[in-house]
Structures are given as C-alpha cells and as structure tokens.
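Letter by letter, the chains look like this.
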Amino acid sequence: MGADLIIYNGNILPLVRREEALGWMAVKDGRIEALGCGESFEAHVGENTDFMDLKGCTVIPGFHDSHVHLVQSGLNTFGIDLREVTTIHRILELIKEKTRTLPKGKLIRGYHLDVAKIEEKRFPTRYEIDQVSPEHPVWINSIEYHTSAVNTLALNSVNLPYNIDGIKRDERSLPLGYFTGKASAYIRNRLLAQIDATTREEGVRIKIDQAVRQGITTIDAMEGGFTFHEEDARFIATHRNKYPIDIHLYYQSFDLEKARSLGVDAIGGDIFIDGAFNSRTAAVSRKYLDMDTCGNLYFNQEELDYFVEKTVSEGWQLALHAIGDRAIEQTLTAYERVFKAGSQLNRRCRIEHFELASLEHIRRAGKLGLVISVQPSFEYFWGYPGGMYDKRLDPSLSAITNNFRAMVDEGLLLIGGSDSDVTDIDPILGIHAAVNHPKAQFALSPLEALKIFTVNPAYASFEEAIKGTLEKGKLGDFCVLSGNPLQVDPAEIKNIQVLGTFKEGHSLYLDEALSLRGDFK
C-alpha cells in the first residue's frame, strides 16, 4: 500500500541516541513506519504517497507545552495587551479607545500589565478608570495574574466580601481598586463567570491556531479552580477532542469527585501554594526589596499534607504551584511525608515553577523522583541584571533563580512550558532561554533544553511509548524548523523559525517555503 507521507532531504533528529540525524521518514496511518538515511525509502512508496522535500531543514518531535492556561490565554485575545505600556495615562487611553468599540455594559479586559515597567510603579485606581469608562466594567490583570485592578462598575458586580484578604485601601478604608491574593482570586472567578461559552470557544480556537504555528502538538491545560473558573475546566473537558492537537486537562481543584466526573487527566497545575514575585505574593524567606512582606503561604502544612496524601493515595497525578523558597519547602515536606507514610509517588507528581529552589530542595526533589515543570522564558524576561528578579528579591535569593543545571545534574526530570498567557507559547524561545541562562552556570546544553519540550513531557504524561521521540511505531507528531538547534550558534536559537507542524502525519501548518507533492522529484 505504501506510506501516506514521506519527508526527505532533511536533518531529522529522532532524539533517541544523542545527536543522531537521519535523512528521511515515512508515516502511515498516523504512525511512523520507517526512518533512514539518503533516499533509501523506495520500499515505502505507494500510489497515494505524498512527498515533502525538506530542503535541508530540521525535523524534531512535536513540541509539548507543559503549562498553559488555555482558556485564559484564549480570552486574552479579545482584550487589551498592556505588556509594553509604561504609564497610567497610556493605560487609560487604551481603555477609553476600547469603550468606543463595545456596546455599553460589555466587560473590557486588560492583561499582561507589568507594574515594574510603569513610571508610577502602581496600578490605576478604580477612580481613574471610572473617568474613562463609566459605562463599561473594566478588569485588568497583572502579567502573572496574581493582581487584579477594576473600576467601580466591575467591583460592584462581584459583591466582594469587605474583610477578604488582599484589598488595597485608601485613607477612608475604601477599596482603591486593585487586589491581590484571595481578593484577586475572588474577583477573577466572579468576572470569568460572566463570559459566555461562545467567547471561550472562539478564544481557544485562536490560541490553538497560534500554538500550532509554534510547532506545538500537545498542551497541558491548567484549568478551573478558585483563581480561574470551573467553567474553564468544563469547557476543555467537553470540547478538547474537537481540536487538532492533544490537550491534557489538569484540574486546579481540591474536588476529586468532580475531577472524576469531568474525566480529567490530573489534579492541579496551578493549585497555588503561594503567589508570584511580580505581585510580591510568592512566599520567600527574606523580605521583598520594595515591600515589607515575605509573601503568602495559602495553606498550613497540615492542610497541604492531608490533600497531597489523599490525592496521591487515590492514584492521581498531582501538580502543585510553588515559586518561593518557603512554598517549595512546604510542598516538598508534604510529598516527603506521603512517601514516608507508604504511598508510592508513582504517578509522576509535579512541582510547577520551582523558581527559588535551593540546592537542598533540588536534592530532596530528586530523591522523591518528582517531575519539575519549569518556564525557562521567565529568565529571558526577568532574569537579566536589573530585571524583575533583581528588583524584587533579596540578592541572596535572586542569585539562585531557576538553577536548571543543578536540577538536571541531580537527576530531576525537567519539563518545559510557557505558563501562557504569562509568556507566549513559544518553545523555541524557551529552549533559547534555557541554553542562554543569564547565570551561565545554571544553563542547559541545547540537547537538554530541546528534550524538556519533547522527550521529557511525553514521559511525564505517561505517553513515552507513543510520543517524545521519532521512532518506528510512534505517532507521526513532528515539526519542521529552519535551523538545527543543536548546531546553530546558541545565541541564535531564538531566531529559528517553525516552518511546519504535523499531527499524526497530517499537516496542521506549512510555511510557503515547503510543500506537499504527489510525486517524488
């Protein structure tokens, strides 16, 4: 019968034996039928075989983004992108412009606001936003989603409890309009409830199309929970099979019964043990340089121990968000107590972020066999000298952020993600950031970095038998790159372009530089 697709004249990296490269690959019925060198694929040619001349381009396994807030990322495509804004005045201008395009009463959302870039070093107050948007509720998210800013119309719509933690107040003890911690999570949950299913569906479709163009064939979607909304998890559970790539659903909730009813893949993702550096809510051992706080732990040790023991003993894979060193300590302690009590950590349990792990933390995680879900692009955006890490953290802490080298050397399995929409889905940038770590002694080799977005997440998702490498019998999930990340100048990795994305041998995206043909020339 012959293969359905043969790609040839390329640099195919199976990622099985270090830097081995092959020249062609045949795919049939969604699976890899054979690989080889030169043009020795005649035995796999049939009447209906399609061919693609790679023209010397590189082929790797399809990328896997291990940490995406998919619904949130999709919804942001309809909002105001504030990542490059530098003044309160400009924020207000953009909101006013948006009011002219929406019907009265329609929610206006702003996202990616990085207060460190704002001249006034603060969020706009609700009174300032009221001046430019008296008839539209407005909701602004900080870049890492741990702070919310709203106008009076939006605030009045959520019935916020007066004494909830995280309300920033004026001299009259009235809410200024920006909120952290539990108050921010409450507001987010209530406002997300106002968004209809049609908007969710369209946003997710747009975001998946963007992900495909970045070479993505699998996503771990972190959905639901108090900080987001239950409808996000229900939406993904109901609709994920409609999309052309694989979506693993991580349910950010303590409700294990509801998790079973939804048919989710795992528990957690961003079940927050602490917050984030940008909002100064990540739980750190030394006070923030620009605020008299050490951040927040959202659970006591007994509560966390109980939840971890119950979840793991019932056979769930569990992923917990821990950024600051105090949160990492608490999370490791909970996992250790479960292990000592006799429960086997055989579910490939995870810690998400793990940004401020000490060498001791890394060694303890290694002994437990934990999977560590990292976001290398954080170092690209915030780890440079004078960046957000340096501005927020005590020097003794900013000196140890994201020590990927020690993690790998201690035997930890690292998997890579974007934390979209905190940073964009862009695995090439993630690989670049891991190789070009601002602290050179913490960097990974190009091969190690490539594996955290391909080989390793397949194992972490129990899919190593069908994904992660290009081998006979595995799924034909691959992407075509303009350059070889193992051979280009490391400083140029971020400039490599994705030219094609294939899922089970079917083209999802193909740059005009390449084409499929019905004959071999």
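Now for a quick tour of the structure. Model, not experiment: these values are computed from the prediction.

A tally of helices and strands in the chain yields 18 helices and 23 strands. On C-alpha atoms alone, the chain measures out to a radius of gyration of 23 Å, which is about the 24 Å that the 2.2 N^0.38 rule sets for 521 residues. In terms of principal-axis extent, the alpha carbons of the chain reach across some 80 × 55 × 45 Å. Here the chain holds 521 residues, and 61% of them are scored as buried. Of the contacts formed within the chain by residues at least 6 apart in sequence, a portion of 72% connects residues at least 24 apart. Summed over all atoms, the accessible surface of the chain reaches about 20,200 Å², with 49% contributed by carbon and sulfur. Here the chain holds 57 positive side-chain charges and 73 negative ones, and the gap between their average locations is 4 Å.

Turning our eyes to something else, we now look at the side chain of Asp-53. With respect to the secondary-structure elements, Asp-53 resides in strand β5 (residues 50–53). A distance of 2.8 Å separates a polar atom in the side chain of Asp-53 from a polar atom in the side chain of Asn-9. Apart from residues no more than four positions distant in its own chain, Asp-53 is found in contact with Tyr-8, Asn-9, Leu-514, Ser-515 and Arg-517.

Here the focus is helix α16 (residues 427–435). Across the nine residues of α16, nine count as buried, placing the element largely inside the fold. Every buried residue belonging to α16 is among Pro-427, Ile-428, Leu-429, Gly-430, Ile-431, His-432, Ala-433, Ala-434 and Val-435, and all of these are buried.

Our next topic: the sheet that holds strand β19 (residues 371–374). On the basis of which strands lie adjacent, the open sheet formed by eight strands has the order β7-β14-β15-β16-β17-β18-β19-β20 and parallel pairing. Looking at strand neighbours, the two that pair on one side only are β7 (63–68) and β20 (413–416), the edges of this open sheet. Each strand axis lies, on average, 25° off the axis of its neighbour in the sheet, ignoring direction. By the bridge criterion, four bridges tie β7 to strand β14 (residues 216–223) in an arrangement that is parallel. Among the inter-strand pairings, Val-68 is bridged to a residue of β14, identified as Ala-221.

For the coordinates displayed, the defined rule picks out 10 aromatic pairs. On the numbers, 5.8 Å between centres and 70° between planes, the contact of Trp-24 with Phe-41 is edge-to-face. Residue Trp-24 is located in strand β3 (residues 24–28), and its partner Phe-41 is located in the loop between β4 (31–36) and β5; the two are separated by 17 residues in the primary sequence. Across the pair, Phe-41 and Trp-24 agree in class, each one buried. Here Phe-277 and Tyr-389 contribute two aromatic rings whose centre-to-centre distance is 5.6 Å and whose plane-to-plane angle is 90°, an arrangement assigned as edge-to-face. Of this pair, Phe-277 sits in the loop between β16 (266–272) and α9 (301–313) while Tyr-389 sits in helix α13 (residues 388–392); the two residues are 112 residues apart in sequence, bridging distant segments of the chain. One aromatic cluster in this structure is built from Tyr-8, Trp-24, Phe-41 and Phe-51. The lysine or arginine in question, Arg-169, covers the ring of Tyr-162, its NZ or CZ lying 4.3 Å from the ring centre. Its guanidinium or amino end placed over the ring of Tyr-459, Arg-348 lies 3.7 Å from that ring's centre, counting from NZ or CZ.

A few words now on the sheet that holds strand β2 (residues 11–12). Sheet strands pair by backbone hydrogen bonding; their relative direction is either parallel or antiparallel. Spatial ordering of the open sheet is given by β2-β6-β21-β22-β23, a layout of five strands whose pairing is mixed. One side of each edge strand has no neighbouring strand; the edge strands of this open sheet are β2 and β23 (506–510). Alignment of β2 against strand β6 (residues 58–61), held across two bridges, turns out to be parallel. Paired with Asn-11 across the two strands is Thr-58, which belongs to β6.

Among the secondary structure elements, Thr-199 is positioned in helix α6 (residues 197–212). Thr-199 sits in the partly exposed class, given a relative accessible area of 22%. It is 9.7 Å that separates the C-alpha atoms of Thr-199 and Val-71, two residues lying 128 residues apart in sequence. Those residues in contact with Thr-199 that sit more than four places away from it in its chain are Leu-75 and Phe-78.

If you trace the backbone, His-44 turns up in the loop between β4 and β5. Aside from chain neighbours lying at most four places away, what touches His-44 is Gly-2, Ala-3, Ile-6, Trp-24, Ala-26, Glu-33, Ala-34 and Thr-49.

With 96 residues, the main nonpolar core has Phe-63, Phe-354 and Ile-372 as its most contacted residues. In terms of residue count, the dominant contributor to this core is helix α10 (residues 325–340) (six residues). One finds Leu-82, Leu-94, Ala-149 and Tyr-178 within the second-largest nonpolar core, a separate group that totals 20 residues.

Another point: the packing of α6 against helix α7 (residues 230–239). One can describe the packing of α6 onto α7 by two numbers: an axis separation of 11 Å at closest approach and a directional angle of 60°. Between α6 and α7, the interaxial angle falls into the category oblique. Handedness of the crossing formed by α6 with α7: right-handed. Residues Ala-197, Arg-200, Glu-201 and Val-204 of α6 lie in contact with α7, whose contacting residues are Glu-231, Asp-232 and Phe-235. Its residues assigned to classes, the contact of α6 with α7 shows three nonpolar, no polar and four charged.

In contact at an axis separation of 9 Å, α9 and α10 are set at 50° when each is read in the N-to-C sense. On the basis of the axis angle, α9 is oblique to α10. Both α9 and α10 take part in a crossing whose hand is right-handed. For the pair α9 and α10, contact is made by Gln-301, Leu-304, Asp-305, Val-308, Glu-309 and Val-312 and by Gln-330, Thr-331, Thr-333, Ala-334, Tyr-335, Arg-337 and Val-338, respectively. Its residues assigned to classes, the contact of α9 with α10 comprises six nonpolar, four polar and three charged.

Our focus in this paragraph is the pattern of salt bridges. Pairs may arise between side chains of opposite charge once their charged atoms sit close together. Applying the stated criterion across every chain, the model contains 37 salt bridges. Glu-93 is the salt-bridge partner of Arg-90, the closest N and O atoms lying 3.0 Å from each other. With Arg-90 and Glu-93 both in helix α2 (residues 88–99) and three residues apart, the pair spans about one turn of that helix. For Arg-90, a relative accessible area of 32% gives the class partly exposed. The partner of Arg-350 in a salt bridge is Glu-352, with the nearest N and O atoms 2.8 Å apart.

What counts, and at which threshold
Residues numbered from 1 in each chain as written. Predicted model: local features only at pLDDT ≥ 70, side-chain atom pairs only at ≥ 80, totals over all residues. Heavy atoms only, no water. Helix = DSSP H or I, 4+ residues; strand = E, 2+ residues; numbered from the N terminus. Rg over C-alpha atoms; globule rule 2.2 N^0.38 Å. Buried < 20%, exposed > 50% of the residue type's maximum accessible area, 1.4 Å probe, protein only. Contact = heavy atoms within 4.5 Å. Areas by Shrake-Rupley, 256 points an atom, 1.4 Å probe, with all protein chains shown as cover. Lys, Arg positive; Asp, Glu negative; His and termini not counted. Charge placed at Lys NZ, Arg CZ, Asp CG, Glu CD. Polar contact = N/O pair within 3.5 Å; in protein donor to acceptor, adjacent residues only side chain to side chain. Pairing = 2+ DSSP bridges. Axes fitted to C-alpha atoms, helices over the stretch in contact; angles between N-to-C directions. Phe/Tyr/Trp six-rings, centres within 6.5 Å; stacked < 30°, edge-to-face > 60°. Lys NZ or Arg CZ within 6 Å of the ring centre and 35° of its normal. Core = buried A, V, L, I, M, F, W, Y, C linked by side-chain atoms within 4.5 Å. Parallel < 35°, antiparallel > 145°, perpendicular 65-115°, else oblique. Left-handed = near helix turned anticlockwise from the far one by under 90°. Nonpolar A, V, L, I, M, F, W, Y, C, P; charged D, E, K, R; others polar. Salt bridge = Lys/Arg side-chain N within 4 Å of Asp/Glu carboxyl O.

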